[in-house]
Amino acid sequence: CLIGAVNLKSSNRTPVVQEFESVELSCIITDSQTSDPRIEWKKIQNGETTYVFFDNKIQGVLVGRAEILGKTSLKIWNVTRTDSALYRCEVVARNDRKEIDEIMIELTVQVKPVTPVCRVPKAVPVGKMAMLHCQESEGHPRPHYSWYRNDVPLPTDSRANPRFRNSSFHLNSETGTLVFSAVHKDDSGRYYCIASNDAGSARCEEQEMEVYDLNIGGIIGGVLVVLAVLALISLGICCAYRRGYFISSKQDGESYKNPGKADGVNYIRTDEEGDFRHKSSFLI
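An account of the accompanying structure is given in this report. Not measured: the values here are computed from a predicted model. (Residues numbered from 1 in each chain as written. Predicted model: local features only at pLDDT ≥ 70, side-chain atom pairs only at ≥ 80, totals over all residues. Heavy atoms only, no water.)

Focus: the pairing of strand 6 (residues 48-54)
Every other side chain in a regular strand lies on the same face of the sheet, so the side chains alternate between the two faces.
Then comes step 1: In the sheet, strand 5 (residues 38-45) pairs with strand 6 via 5 bridges, with the strands oriented antiparallel. Its bridge partner being in strand 6, Ile 44 is matched across the sheet by Thr 49.
Then comes step 2: Hairpin connection of strand 5 to strand 6: 2 residues between the antiparallel strands, including Asn 46 at a positive phi of 55 degrees.
Then comes step 3: In the sheet, strand 6 pairs with strand 7 (residues 57-58) via 2 bridges, with the strands oriented antiparallel. Directly across from Phe 54, in strand 7, lies its bridge partner Lys 57. (Pairing = 2+ DSSP bridges. Helix = DSSP H or I, 4+ residues; strand = E, 2+ residues; numbered from the N terminus.)

Dropping the structure here:
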């Protein structure tokens, strides 16, 4: 008669491991009357289910990187970030009253952040907005970002710390963006960013941001000088036109135009102006 029921358990349903290390996905049969149950492992990632152990063989991307331990547990060597997924252990025991049992195991592969890319404006006038960026694309889980000025950590909101009462900035630790709504002279300094997650952290090289006073008087004076120079140039051009420097003076030999000649007719001027006679080559 059929007795018992297959039951599974796991010593760790949410294992966490660093990239390129090994991990064991624990799946243990606690009760069963079947001596040779059927074992299957499936990987569920991005809504797609694939076999990783089926028909007593490792399948798919885990070929050469995994094996079955203790009849049911799955060990993976040299894990990569793409191995982060849900894994389902399924056992079918034909001789048990309850023939099928399964458990889900969520594997997280952590990846240490690499050096983030930081962008800091070199110079910003007082009272203007400034935006600093910090981005890192390798870390898993996604890293959080923190900014430092002159080796002092900045809060997410300058209003929350009396030490930064002269500043007006907001830090988004999820995106790594540090925004100053209106920079102050005290905001000048050396800035750098750190990206960190549970696997580790990395920082970019510090960069200098200078906040300078905008010289309004100098700008107005420069504009007035330019306007004065343009006025002098215009006056000089007008005077040159009035004195005839831009009118052509070629008059000799060009004011008188010879009358047009008919084809085949040559004229010879006599001593008396206006009296012409035909050359012998003229034919009627």
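Now that the structure has been shown, the text picks up again.
Description of unusual backbone geometry
Then comes step 1: Across the junction of His 140 and Pro 141, the peptide omega takes the value 0 degrees, indicating a cis bond.
Then comes step 2: Secondary-structure assignment places Pro 141 in the loop between strand 14 (130-135) and strand 15 (144-149).
Then comes step 3: Its identity as a non-glycine residue notwithstanding, Asn 46 has a phi of 55 degrees, on the positive side.
Then comes step 4: Looking at the element boundaries, Asn 46 is found in the loop between strand 5 and strand 6.
Then comes step 5: At Asp 55, a residue that is not glycine, the phi angle is positive and equals roughly 55 degrees.
Then comes step 6: Mapped onto the elements of the fold, Asp 55 is located in the loop between strand 6 and strand 7.
Then comes step 7: Judged by its relative accessible area of 53%, Asp 55 falls in the exposed class. (Buried < 20%, exposed > 50% of the residue type's maximum accessible area, 1.4 Å probe, protein only.)

Some thoughts on the packing of aromatic side chains
Then comes step 1: Per the counting criterion, the structure on display carries 5 aromatic pairs.
Then comes step 2: Taking 4.4 Å as the distance between ring centres and 40 degrees as the angle between the ring planes, the aromatic pair formed by Tyr 51 and Phe 54 counts as tilted.
Then comes step 3: The exposure class of Tyr 51 is partly exposed, given its relative accessible area of 36%.
Then comes step 4: When the ring centre of Tyr 192 is taken as reference, the NZ or CZ atom of Arg 203 above it lies at 3.7 Å. (Phe/Tyr/Trp six-rings, centres within 6.5 Å; stacked < 30°, edge-to-face > 60°. Lys NZ or Arg CZ within 6 Å of the ring centre and 35° of its normal.)

Describing the sheet that holds strand 8 (residues 66-69)
Then comes step 1: The strand order across the open sheet formed by 3 strands is 3-9-8, and the pairing between neighbours is antiparallel. The open sheet has two free edges, formed respectively by strand 3 (23-25) and strand 8, since each of these has just one partner strand. On average, adjacent strands in this sheet sit at an angle of 25 degrees to one another, irrespective of strand direction.
Then comes step 2: Pairing geometry for strand 3 and strand 9 (residues 73-76), over 3 bridges, is antiparallel. Within strand 9, the position partnered with Leu 25 by the bridge is Leu 74. (Axes fitted to C-alpha atoms, helices over the stretch in contact; angles between N-to-C directions.)

Things to note about the sheet that holds strand 14
Then comes step 1: Taken in spatial order, the 4 strands line up as 12-14-18-17 in an open sheet, and their pairing is antiparallel. Looking along the sheet, the strands with just one partner apiece sit at the ends: strand 12 (117-119) and strand 17 (169-172). For this sheet the average axis-to-axis angle between neighbouring strands, irrespective of direction, equals 10 degrees.
Then comes step 2: Two elements, strand 12 and strand 14, share 3 bridges in a ladder whose sense is antiparallel. Paired with Val 117 across the bridge in strand 14 is Gln 135.

What about the pattern of salt bridges?
Then comes step 1: Applying the stated criterion across every chain yields a total of 12 salt bridges.
Then comes step 2: A salt bridge links Lys 42 to Glu 90; the nearest nitrogen and oxygen atoms lie 3.5 Å apart. Residue Lys 42 is found in strand 5, and its partner Glu 90 is found in strand 10 (residues 85-92); the two are separated by 48 residues along the sequence.
Then comes step 3: One salt bridge connects Glu 90 with Arg 88, and the closest N-O pair in it is separated by 2.6 Å. Per residue, the accessibility class of Glu 90 equals that of Arg 88, and both read buried. (Salt bridge = Lys/Arg side-chain N within 4 Å of Asp/Glu carboxyl O.)

A few points about a nonpolar patch on the surface
Then comes step 1: Side chains of Ile 220, Val 223, Leu 224, Val 225, Val 226, Leu 227, Val 229, Leu 230, Ile 233, Ile 237 and Tyr 241 sit close together on the surface and give an oily, nonpolar patch of about 1,000 Å² of accessible area.
Then comes step 2: Mapped onto the elements of the fold, Ile 237 is located in helix 1 (residues 216-242).
Then comes step 3: Taking the relative accessible area as the measure of exposure, Ile 237 reaches 41% and is therefore partly exposed. (Patch = residues over 30% accessible without salt bridge, like charges linked within 9 Å, V, L, I, M, F, W, Y side chains within 5 Å. Areas by Shrake-Rupley, 256 points an atom, 1.4 Å probe, with all protein chains shown as cover.)

What about the side chain of Glu 136?
Then comes step 1: When you line up the elements, Glu 136 lands in the loop between strand 14 and strand 15.
Then comes step 2: With no salt bridge to any partner, buried Glu 136 finds its closest opposite charge in Arg 81, at an N-O distance of 7.1 Å.
Then comes step 3: Looking at Glu 136, its side chain comes within polar contact range of the main-chain nitrogen of Gly 139, at 2.9 Å.
Then comes step 4: In this structure, Glu 136 is in contact with Pro 113, Val 114, Pro 116, Pro 143, Tyr 145 and Ala 195, ignoring residues within four places of it in sequence. (Lys, Arg positive; Asp, Glu negative; His and termini not counted. Polar contact = N/O pair within 3.5 Å; in protein donor to acceptor, adjacent residues only side chain to side chain. Contact = heavy atoms within 4.5 Å.)

Remarks on the state of the cysteines
Disulfides are covalent bonds that link the sulfur atoms of two cysteine residues.
Then comes step 1: On inspection of all chains with the given rule, the structure shows 3 disulfides.
Then comes step 2: Covalent S-S linkage joins Cys 118 and Cys 204, the inter-sulfur distance amounting to 2.1 Å. Judged by the sign of its S-S torsion, about -95 degrees, the cystine formed by Cys 118 and Cys 204 is left-handed. One end of the pair, Cys 118, is in strand 12; the other, Cys 204, is in the loop between strand 20 (200-203) and strand 21 (207-212), with 86 residues separating them in the sequence.
Then comes step 3: The partner cysteine of Cys 134 in its disulfide is Cys 193, sulfur to sulfur 2.1 Å. In this structure, the disulfide formed by Cys 134 and Cys 193 twists by about -80 degrees around the S-S bond and is classed as left-handed. Of this pair, Cys 134 sits in strand 14 while Cys 193 sits in strand 19 (residues 189-197); the two residues are 59 residues apart in sequence, bridging distant segments of the chain. Neither residue differs from the other here; Cys 134 and Cys 193 are each classed as buried.
Then comes step 4: What links to what in the protein: the bonded cysteines, counted in sequence order, pair as 1-2, 3-6, 4-5. (Disulfide = S-S within 2.5 Å.)

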